[in-house]
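The primary structure of each chain is shown beneath.
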Amino acid sequence: MEIKRNTIALVCLFFWACTSNPFWEDQPTKKLNISGTVTLENRETDVPVYVWIEDLGISGYTDADSKFSIDISGLETGDGSFTGDVRVFYYVHNYLAQHSILNITGGRLSSSQTDFDQDGILREPVVLDKLASFDLNCDNSWNRAAGDSLRVKLEISIMGHDIGIVSNVKSIDHDYIPSGVMFYLSPQEEIYFDQDNIDHLKQYDLGSGSSITWTFTIGPADLTAPAGDYYIRPWFMILQDQVPEALFQSLGIADLETISRDHLILPIDMADKSISLD
């Protein structure tokens, strides 16, 4: 009987060890992190660079020192852990977007990295080339009751790459006049724009080293914004075919061709301009 009791005790001890010993447990998934430095050529403002990891739905921004650090989790799938190469994009609206390749094997950073090291640190700083510089000018105040129109001038200087820019235009006597100037208090609040001036979209193909000035004319009846102080920005979209549409969706932009406050989410190296409306 004593032998039987000892046997039962040993069996119980064995099962207890199997269920409580940490060496029998699955170890928690290690959190991955990638980091690096992304700078902007001829930077004019403190706009951060948007860093987006394709296929993983993970993103972040650079800090005041042009550095980013992004934690990556959730790499477990129904068939195991994620394995594959993903692109890490660096984006600012008026800069040429670039990407690096991140190699992941079994939910871990692969040892065969090219752009990152095994610890997820970008091997070389990334420098984004500027596509265009924008200088916005208009009066500091606009008294609509006086019946005068507001003229907003946008001076565009193209840098070292040919680019295409899409803008709204109004058709007048077989000519196209730029239109679509947004007035807003903040990107989170309602925007106002001269919607009756918009007929359709037009693409402008601009060569490197060129410059152009767009003049927007807004009549007193074209804008329904209440009196107050506003930021203003003309609506336009710089085309970059290499940027996936999913990147814009990750920013919260559902429609790239429609004026909305979502467009203000796009990071852009462009000085703010404000105006007082009476």
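Residues numbered from 1 in each chain as written. Predicted model: local features only at pLDDT ≥ 70, side-chain atom pairs only at ≥ 80, totals over all residues. Heavy atoms only, no water.

Visitor: So what exactly am I meant to see when it comes to the nonpolar core here?
Guide: Burial of nonpolar side chains together is a common tendency in soluble globular proteins. By size, the foremost hydrophobic cluster in this structure holds 32 residues, and its most contacted members are Phe134, Leu154, Ile165, Phe183 and Phe236. Non-local contacts of phenylalanine 236, meaning those with residues more than four positions away in its chain, are made with His93, Phe134, Leu154, Ile165, Val166, Trp214, His263, Ile268 and Met270. With 26 residues, the next largest nonpolar core counts Ile58, Tyr95, Leu102 and Phe116 among its residues. (Core = buried A, V, L, I, M, F, W, Y, C linked by side-chain atoms within 4.5 Å. Buried < 20%, exposed > 50% of the residue type's maximum accessible area, 1.4 Å probe, protein only. Contact = heavy atoms within 4.5 Å.)

Visitor: Looking at this structure, how should I read the sheet that holds strand β7 (residues 84–91)?
Guide: Across a sheet, strands are paired by hydrogen bonds formed along the backbone, either parallel or antiparallel in direction. Here we have five strands laid out as an open sheet, ordered β3-β2-β7-β8-β9, and antiparallel in their pairing. The open sheet has two edge strands with one neighbour each: β3 (58–61) and β9 (108–109). Pairing of strand β2 (residues 50–53) with β7, which is carried by four bridges, proceeds in the antiparallel orientation. Residue pairing across strands places tyrosine 50 opposite tyrosine 91, the latter belonging to β7. (Pairing = 2+ DSSP bridges. Helix = DSSP H or I, 4+ residues; strand = E, 2+ residues; numbered from the N terminus.)

Visitor: So what exactly am I meant to see when it comes to the pairing of β7 here?
Guide: Side chains on a regular strand alternate between the two faces of the sheet. By the criterion of burial, β7 is predominantly enclosed, with six of the eight residues buried. Pairing between β7 and strand β8 (residues 98–105): seven bridges, direction antiparallel. Bridge pairing in β8 places phenylalanine 89 opposite histidine 99. If you look at the hairpin formed by β7 and β8, you'll find six residues sitting between the two strands.

Visitor: What exactly am I supposed to notice about the pattern of salt bridges here?
Guide: Where side chains of opposite charge bring their charged atoms close, a pairing between them can arise. Within this structure, the stated rule accounts for three salt bridges. The residue arginine 87 makes a salt bridge to glutamate 54 at a minimum N-O spacing of 2.7 Å. Taken together, the positions of arginine 87 in strand β7 and glutamate 54 in the loop between β2 and β3 put the pair 33 residues apart, joining distant regions of the chain. Among the residues examined, arginine 87 registers a relative accessible area of 28% and is labelled partly exposed. Across the pair aspartate 269 and lysine 130 runs a salt bridge whose closest N-O atoms are separated by 3.0 Å. Taken together, the residues span a long stretch of sequence, with aspartate 269 in the loop between α2 (245–251) and β22 (273–277) and lysine 130 in the loop between β10 (126–128) and β11 (132–137) at a distance of 139 residues. (Salt bridge = Lys/Arg side-chain N within 4 Å of Asp/Glu carboxyl O.)

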